[in-house]
Amino acid sequence: MVELAWLTDFSIAFIESYGFIALFVFVVLETSFILHFIPSEVVIPLAALFMITGPTTFGLFVAVSVVGGIIGSLLCYWLFGVNGERLMRRWGHIVRMPDDEIDKSQEWFTRYGEGLMFWGRFLPVLRTPISIPAGFAKMDLTKFSLYSGAGWALYVAALAGLGYSNGGETKAPIEVAWAAVWPVVQANPVASTVAVVFLTALGMVAWRRRQAFPF
């Protein structure tokens, strides 16, 4: 979409000028399916390059993006999902969502179930539209928010790590993530243990669903 390249450039410039507020606005608009054609896999690493200066700003960057991602996904869930199959089939061409993509999202959701809310956030084709069949299916909002938030957290952390630079020294995502997480683990060992157990259980549930519905 060469004709939309200027929107990507504008988004990056907008975030560079207005910081975390602009990042939040961009993520909400992208995940709500309003600006889904602006690739977050391009914008987020470039934004991270000039916004992240250390573990604290890395954590803030991820947190702002995740909150924006959950809010945007919920908007997509309600606007285009719960209220929207007929609306999308009639007006989806305006936001570049043809019928075959709607059908594909519904088929994936029916086959792989709720766990796709987590894994689907890593796939460019499904990351945003997967919220729509969840709305069609009236997926439980608590599960939807938790799965979406966890998927977005890992997705954004990986992209932010790729774009992270400090004094010209590019760091691997695992280094950045560890530097951000370890102080929190030391300060809150009990809460950290609960979080690890929860994420492990979430992963096991997704894996079992994958086993039950293999490709």
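Residues numbered from 1 in each chain as written. Predicted model: local features only at pLDDT ≥ 70, side-chain atom pairs only at ≥ 80, totals over all residues. Heavy atoms only, no water.

**Remarks on the packing of aromatic side chains**
Step number 1: All chains considered together, the criterion is met by five aromatic pairs.
Step number 2: Centre to centre, the rings of Tyr77 and Phe144 are 4.9 Å apart; their planes meet at 50 degrees, and the pair counts as tilted. You can see Tyr77 sitting in helix H3 (residues 55-82) and its partner Phe144 sitting in helix H8 (residues 141-163), a full 67 residues away along the chain. The exposure classification of Tyr77 matches that of Phe144, with both residues buried.
Step number 3: Members of the aromatic cluster, each reached through a chain of ring pairs, are Phe10, Phe14 and Tyr18. (Phe/Tyr/Trp six-rings, centres within 6.5 Å; stacked < 30°, edge-to-face > 60°. Helix = DSSP H or I, 4+ residues; strand = E, 2+ residues; numbered from the N terminus. Buried < 20%, exposed > 50% of the residue type's maximum accessible area, 1.4 Å probe, protein only.)

**Some points on a nonpolar patch on the surface**
Step number 1: Taken together, the side chains of Val42, Leu46, Leu49 and Phe50 make up a nonpolar region of the molecular surface, amounting to roughly 300 Å² of accessible area.
Step number 2: Locating Val42 in the fold gives a position in helix H2 (residues 40-51). (Patch = residues over 30% accessible without salt bridge, like charges linked within 9 Å, V, L, I, M, F, W, Y side chains within 5 Å. Areas by Shrake-Rupley, 256 points an atom, 1.4 Å probe, with all protein chains shown as cover. Salt bridge = Lys/Arg side-chain N within 4 Å of Asp/Glu carboxyl O.)

**Examining unusual backbone geometry**
Generally, phi is negative for residues other than glycine and the peptide bonds are trans, each holding for most cases.
Step number 1: In this model, Phe33 sits at a positive phi of 80 degrees, which is unusual for a non-glycine residue.
Step number 2: Locating Phe33 in the fold gives a position in the loop between helix H1 (5-31) and H2.

**A word on the nonpolar core**
Step number 1: If you look at the biggest cluster of nonpolar residues, it comprises 25 residues, and the most contacted ones within it are Ile15, Leu23, Ile44, Phe61 and Val156.
Step number 2: Elements that contribute at least two residues to this core include exactly H1, H2, H3 and H8.
Step number 3: Take this core: its biggest share by element is seven residues, from H1.
Step number 4: Not counting chain neighbours up to four residues away, the residues in contact with Ile15 comprise Ala22, Leu23, Phe26, Val43, Ala47, Phe50 and Met51.
Step number 5: Counting ten residues, the second-largest nonpolar core is a separate cluster that includes Tyr77, Ile130, Met139 and Phe144. (Core = buried A, V, L, I, M, F, W, Y, C linked by side-chain atoms within 4.5 Å. Contact = heavy atoms within 4.5 Å.)

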